[in-house]
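One-letter residues, chain by chain:
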Amino acid sequence: MSHSKESDELVFFVNGRKIVERSSDPEENLLFYLRKKLRLTGTKYGCGGGSCGACTVMISRYDPISKKIRHFSATACLVPICSLYGAAVTTVEGIGSTKTRIHPVQERIAKGHGTQCGFCTPGMVMSIYTLLRNHPEPSTEQLMETLGGNLCRCTGYRPIVESGRSFSPSSSCCQMNGGKKCCLDQEESKAESKANRMAEDPQKKVLTFHGEKTTWISPGTLAGLLELKMEHPDAPLVMGNTSLGPDMKFKGVSPPIIISPARILELFIVTNTEEGLTLGAGLRLAQVRDVLADAVSELPEEKTQTYRALLKHMRTLAGQQIRNMASLGGHIISRLPTSDLNPILGVGNCILNVASKEGMQQIPLNDHFLAGATNASLKPEQVLVSVFIPISRKWEFVSAFRQAPRQQNALAIVNAGMRVLLKDGTHTIADLNILYGGVGPTTVSARESCRRLLGRCWDEDMLNEACRLVLDEIPLPASAPGGRVDYRRALLISFLFKFYIDVWRQLQMREPSGYPDIPKKLLSALEDFPLTIPWGIQSFERMDPQQPSQDPVGRPIMHQSGIKHATGEAVFCDDMPALADELFLAVVTSTRPHAKIISIDASEALALPGVIDVITAQDVPGENGSEEERLYAQDEVICVGQIVCAVAADSYAHAKQATRKVKIVYKDVEPVIVSIQDAIKHKSFIGPEKKLEQGDVEKAFQAVDQIIEGEVHFGGQEHFYLETQSVRVVPKAEDAEIDIYVSSQDAAFTQEMVACALGIPKNRINCHVRRVGGAFGGKSSKPGLLAAVAAVAANKTGCPVRFVLERGDDMLITGGRHPLLGKYKIGFMNNGKIEAADIEYHINGGCTPDDSELVIEYALLKLENAYKIPNLRVRGRACKTNLPSNTAFRGFGFPQGAFVTETWMSAVAAKCHLPPEKVRELNMYRTIDRTIHKQEFNPENLIRCWEKCMENSSYCSRRKAIEEFNEQNYWKKRGIAIIPMKFSVGFPKTFYYQAAALVHIYTDGSVLVAHGGVELGQGINTKMIQVASRELKVPMSYIHIGEMNTVTVPNTITTAASTGADVNGKAVQSACQTLRKRLQPIISQTPNGTWEQWVNEAFAQSISLSATGYFRGYEARMDWEKGEGDIFPYFVFGAACSEVEIDCLTGAHKNIRTDIVIDASFSINPAVDIGQIEGAFTQGVGLYTLEELKYSPEGVLHTRGPEQYQIPSVTDIPEELHVSLLTTTQNPKAIYSSKGLGESGMFLGSSVFFAITDAVAAARSERGLPPALAMNSPATPELIRMACVDQFTDLIPQTDSKCSELWSIPIA
Ligand SMILES: Cc1cc2nc3c(=O)[nH]c(=O)nc-3n(C[C@H](O)[C@H](O)[C@H](O)COP(=O)(O)OP(=O)(O)OC[C@H]3O[C@@H](n4cnc5c(N)ncnc54)[C@H](O)[C@@H]3O)c2cc1C
Ligand code: FES
Ligand code: FES
């Protein structure tokens, strides 16, 4: 079949508007098209791979079979625009805006405090909107499944869920038209009816779209498709594009022809017969799920074993958007090694109905097909038309298992499909089939084991034999990609055991007399944790009834930009339109951990279309960074991921493409230092050792009853702000002036870095920050470096330059939280009183100093947490390694250091056979005392938080209930832990606390506030408006805060260390007080006048209506020689109690409940503060239980996106999360007696970790094992499973950790 060389017109609809695209590129995705071509920037880029949900839109498409419109959410980053022919797209801008009207979903998420930085918000809005569009009264389960595909790094999800839940079950999608009809029905229906007509186009014309490298062909009939496939056998078919799309994006796959069978009706037909279901290959997984659910509801259970097994995974496989897009056929044909459905389809005797021009053929979907055997696969010219899934027979049982790092929206580590057929009336195995995913390059069959078990009785002997056979048949070498070798082997047989019990249970239910009862304790092997909806109570101090109603301080005011976040109108750095001559930058990074650069050859890259220039160290006119940290690598590279050079081109795609053509020759240099142990061995450090000591440690050790020694490893953490690092550099025509638009916590530092790089004074550079899409410390120092890299490119080319990191590059280049190795020796009495502690910390700083020295200092200064250890010595050092340089991260050393302390607290309790909370209580500060750095403080509120947390959580009664639960359940265990916190707020030096503000009153009475803090999502601008409103005594609506920039407020300090609102609040207060003082004489003269009149009168009297405010800061001093200093202005006290349940067979855990009590003193804005606490706590849950960075032995980061690195999703927060702010406390140091709460909640996430260790201890104790004294962090499913040693783990010989070819190694 031939197709025209001319492209067809691509016609689709966006927000009701018809789009006719005459030069559509098959490689272009909808996200790019919306953002760059249509300038609809509400839809955000977070990962580009379908995993984060920031780009969620709703697609409406006419379904010619059901003759209905199907509305579904989709991740725009994976939708090729060519696939949209005839579809209607709705973006966040299309459902409401501040200029027209706001949709209730937008309004509720904003007013319900479900947005902080706002970067994830449009995606959240669109997911909820689409849900409501399809289910006006969604169930809580539907809501949870919907939100599972959207990540948020700021809020902790609870308020988002509550905003979504407010629609169900009684309200409908939109209340604007009387609640019956959605407000957009009218507009969309116009577009949809047009789309409808296009979809029913009787001509079934072939559509062809030619791009730069790829041609897209969409035939209208099956015959046409088969002919095309014959003509282009190697051309992939694209359905959901969720498999092909990521390959094209991340692996550089670029097929010259893509065939789209989306318009072929035969691919969407469902046939239901007595033998089973035949499902069209084009059906999306969400549709398949609906069909299966219908079948399950209609047929007897014994016939639906395979359907049920498939349904089980359909809820957690990927996110809702991917399930809406991915097709059954695409899923099967992709044969991904971690496919969740293929192992089930494979054991379920399914048949593939395939077609080619030659005719139809049936291919068994079996282990040979899944292993990719050529004689069992489709021929290149064949197309999968449908899949037959037979009903199950009477004595046939099918089960499915999966364990992923996270319950929802994460690829499985190992999964399995298992089927057994028993001979009628006996328990003898007539047929057995087991397929595993995640243990090889394809789905793997335990074929031989199954064959040898035929004829065996379904009993324990058979199980034991099965375990041995499977472990023999499916070896996993120590070097296996993906690592976790022992764990994966343990899962192979743990799943077998679950299957064994599951079949036993079903046999027992069907034939109670023919099969013995399963001991109740064993039943706990079966149930998976449900997807439950979180809820919680937030309590804070009641407002003083005397406070004037107009005074907003102390009220839970909505985030100043909340509505704009929700409508997509809030402008982030990359949302700004490109200037005519703007260039795009992509960087070439080092592939070697330590090497000399021999040569850089950019000739091939420079010859590519659109490439303007390649920039290297030689192009830096000023300083190329410092000797320790280069902007562009100079002569040598010191880590994988270091920027070597950059390509500037007319589009990002061209720049990126060219980076692959830059040839760099390296000469490797020894040593390569990756881990802390390597660094210690090579004495590779950043800065000298730091030490603090009190009492007489040696003497104390001699007088104690017991001593324990141990070490604990603490992994790093990726910031994973949803908005990746972004900067635009715009050179001006005159005097070397430059505007820099950057997503940075530290505008002044960015300004300084650029000034140094270009060799120009700071006064030529204006650095603008409007808002930042999440930072958490990761945008403190790194944006300065990246801005300087971009500025050099702008300087060389003379053009504006946009430099926005892709997620993978961001994770590779920018470093994160410092991994820590903690060693301890603790001396204590038999009653649990700790008398002596000797502690040593090493952190992995990576290849440059950055903030590493400060981080280790903080880890030392704060290590004691809430405890008074009379004789305590702590030493610490930052290690220099060949990893990307680690940097500031929320909590700054405290979450690591205090974690080690809590580890040895628990270890002491275990040794003394005492409840851990008793030992914690016994060792806690009780009276006014001095910290290890000799700073006086009063622990009264620490004790109050602890006691209130014990009470709020009903700790004692729940501890009893947990013990009972644990007695009755062998394979599931519960644990509970309560952890106290003393968090010292602030910086180590006085000058860090200074802050300035500039307040203007205009003659119409409106007020413009500028201050030196950056809006990172933490609500600083909202609080500053509250402060200005109180001080000026004008309503908040009069006050505006725009961007912060270095012209309005110079020499700013990084917005960090929980002090942003404290210090900037004082500066704003001071400026406002100055202004109010100036107005006072006029106000006194005309007390009944209005604000506008007073302001005008002041203007008439030539009184300045503009004032600066300045806060000098708190005194902070530290003498490391003496080991003493009053370094922190105040402390935040708190406590958290968490309860979890673990599955001992898989290592999965469920967060059941957390109670947090925090001494927030007087909260300027309780909604904002509770948002910070919950968000930080959730990030802490990620840190301590989920997030795992994986490095190869050569220092190559494997985990470069949300597919490999899991931050908490909506299902990872506790089912119940209660936050209580301690009432009636004072903090005279800070504005209005408030406290900075940005960081402290992070550490409280450790209560979940210690609840897990409590549950693990219960499992170990039941199995007659001693408690594991120290578990490393994070407590991943792998660690939990392997700590719950049992008869299955005993079968697995430990992998040699010294094997030279390990896939990943620990770096702490
Ligand atoms: C973010 C994300 C998360 C994911 N999580 C999971 C998960 O948890 N569990 C899991 O199992 N999977 C997961 N996946 C994988 C997902 O299930 C598959 O990518 C998807 O099912 C592929 O279907 P598709 O329609 O998008 O295929 P496409 O990308 O459109 O096509 C894939 C391949 O199939 C071929 N093909 C498609 N249809 C046909 C046909 N009818 N006949 C012949 N060949 C055909 C194409 O030629 C192409 O090579 C995830 C994917 C993403 C992007
Ligand atoms: S950007 Fe599309 S899912 Fe992350
Ligand atoms: S508000 Fe969700 S990522 Fe920031």
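These notes cover the structure that comes with them. Model, not experiment: these values are computed from the prediction.

1. Side note on the site of ligand 1
Thought 1: Surrounding ligand 1, one finds 33 residues, the nearest of these being Leu-237, Met-239, Thr-242, Ser-327 and Asp-340.
Thought 2: Contacts to ligand 1 include Leu-237, whose backbone N or O atom sits 2.8 Å from an oxygen atom.
Thought 3: Leu-384 places a main-chain nitrogen or oxygen 2.9 Å from a nitrogen atom of ligand 1.
Thought 4: Considered on its own, ligand 1 offers 980 Å² of accessible surface; in the complex 92% of this is hidden by protein.
Thought 5: Sort the elements by how many residues they give to the shell around ligand 1 and helix α13 (residues 328-334) lands first, with five residues.
Thought 6: Taken together, the residues that form the shell around ligand 1 break down as 17 nonpolar, 14 polar and two charged.

2. A word on a nonpolar patch on the surface
Thought 1: Nonpolar side chains collect at one region of the surface, where Ile-65, Leu-265 and Ile-269 lie side by side and expose about 220 Å² of accessible area between them.
Thought 2: Within the secondary structure, Leu-265 sits in the loop between β8 (257-259) and β9 (270-272).

3. Looking at the nonpolar core
Thought 1: Within the largest apolar cluster, 201 residues are counted, with the highest numbers of intra-cluster contacts made by Tyr-436, Trp-458, Ile-826, Ile-839, Tyr-841 and Trp-904.
Thought 2: Counting residues per element, this core draws most heavily on helix α18 (residues 485-510), at 15 residues.
Thought 3: Sequence-distant contacts of Ile-826, defined by excluding residues within four places in its chain, comprise Phe-701, Gln-706, Ile-707, Ile-708, Ile-834, Ala-836, Ala-837, Ile-839, Trp-904 and Val-908.
Thought 4: Ile-19, Leu-78, Leu-277 and Ala-309 belong to the second-largest nonpolar core, a separate cluster that totals 71 residues.

4. Quick word on the sheet that holds strand β36 (residues 972-985)
Strand pairing in a sheet is mediated by backbone hydrogen bonds. Such pairs are either parallel or antiparallel.
Thought 1: Taken together, the five strands give an open sheet; going across it, the order is β18-β44-β43-β42-β36, and neighbouring strands pair in mixed fashion. Strands at the two margins of the open sheet, each flanked by one partner only, are β18 (538-539) and β36.
Thought 2: When strand β43 (residues 1149-1158) meets strand β44 (residues 1216-1221), the two strands line up parallel, connected through six bridges. Along β44, the bridge assignment pairs Arg-1153 with Glu-1216.
Thought 3: Packing of helix α38 (residues 1246-1262) onto the sheet brings it into contact with β36, β42 (1130-1143) and β43, and relative to β36 it is tilted by some 145 degrees.

5. Focus on the pattern of salt bridges
Thought 1: The tally for this structure, following the rule as stated, stands at 68 salt bridges.
Thought 2: Between Asp-575 and Lys-44 there is a salt bridge whose closest N-O contact spans 2.6 Å. Highlighted residues: Asp-575 in the loop between α20 (562-567) and β19 (583-589) and Lys-44 in the loop between α1 (30-37) and β3 (56-63), separated in sequence by 531 residues. One exposure class covers both Asp-575 and Lys-44, and it is buried.
Thought 3: A salt bridge links Lys-99 to Glu-569; the shortest N-O distance between them is 3.3 Å. Of this pair, Lys-99 sits in the loop between α2 (92-95) and α3 (104-111) while Glu-569 sits in the loop between α20 and β19, and the two are 470 residues apart along the sequence.
Thought 4: Residue Lys-99 is classed as exposed on the basis of its relative accessible area of 70%.

6. Brief notes about the environment of Cys-879
Thought 1: Tracing the backbone shows Cys-879 in strand β33 (residues 871-879).
Thought 2: The exposure class assigned to Cys-879 is buried, which follows from its relative accessible area of 0%.
Thought 3: Spatially, the C-alpha atom of Cys-879 lies 9.3 Å from that of Pro-849, the residues being 30 residues apart in sequence.
Thought 4: When residues no more than four places from it in sequence are discounted, the contact partners of Cys-879 are Ile-676, Ala-679, Ser-684, Phe-685, Ile-686, His-842, Ile-843, Asn-844, Gly-845 and Gly-846.

7. Some details on the packing of aromatic side chains
In this description, a pair of aromatic rings is defined by centroid distance and the angle of the planes.
Thought 1: Scanning the entire structure with this criterion turns up 31 aromatic pairs.
Thought 2: Consider the rings of Tyr-858 and Phe-1128, whose centres lie 5.8 Å apart with planes at 85 degrees: the pair is edge-to-face. Taken as a pair, Tyr-858 in helix α28 (residues 852-861) and Phe-1128 in the loop between β41 (1106-1111) and β42 lie far apart in primary sequence, 270 residues in all. Taken as a pair, Tyr-858 and Phe-1128 share a single burial class, namely buried.
Thought 3: A ring pair is formed by Phe-899 and Phe-1249, whose centres lie 4.8 Å apart and whose planes are at 85 degrees; its orientation type is edge-to-face. Placement of the pair is Phe-899 in helix α29 (residues 894-912) and Phe-1249 in helix α38, with a sequence separation of 350 residues.
Thought 4: Look at Phe-899 and you get buried, because its relative accessible area is 0%.
Thought 5: The class for Phe-1249 is buried, based on a relative accessible area of 1%.
Thought 6: Taken together through their ring pairs, the aromatic side chains of Trp-458, Phe-497, Phe-499, Tyr-500, Trp-504, Tyr-515, Tyr-970, Trp-971 and Phe-1288 make up a single cluster.
Thought 7: The ring of Tyr-721 is capped by Lys-779, whose NZ or CZ atom sits 4.4 Å from the centre of that ring.
Thought 8: The residue whose ring lies beneath Lys-825 is Phe-701, and the NZ or CZ to ring-centre distance is 4.4 Å.

Conventions adopted
- Residues numbered from 1 in each chain as written.
- Chains lettered and ligands numbered in written order.
- Predicted model: local features only at pLDDT ≥ 70, side-chain atom pairs only at ≥ 80, totals over all residues.
- Heavy atoms only, no water.
- Near = heavy atom within 4 Å.
- Polar contact = N/O pair within 3.5 Å; in protein donor to acceptor, adjacent residues only side chain to side chain.
- Areas by Shrake-Rupley, 256 points an atom, 1.4 Å probe, with all protein chains shown as cover.
- Helix = DSSP H or I, 4+ residues; strand = E, 2+ residues; numbered from the N terminus.
- Nonpolar A, V, L, I, M, F, W, Y, C, P; charged D, E, K, R; others polar.
- Patch = residues over 30% accessible without salt bridge, like charges linked within 9 Å, V, L, I, M, F, W, Y side chains within 5 Å.
- Salt bridge = Lys/Arg side-chain N within 4 Å of Asp/Glu carboxyl O.
- Core = buried A, V, L, I, M, F, W, Y, C linked by side-chain atoms within 4.5 Å.
- Buried < 20%, exposed > 50% of the residue type's maximum accessible area, 1.4 Å probe, protein only.
- Contact = heavy atoms within 4.5 Å.
- Pairing = 2+ DSSP bridges.
- Axes fitted to C-alpha atoms, helices over the stretch in contact; angles between N-to-C directions.
- Phe/Tyr/Trp six-rings, centres within 6.5 Å; stacked < 30°, edge-to-face > 60°.
- Lys NZ or Arg CZ within 6 Å of the ring centre and 35° of its normal.

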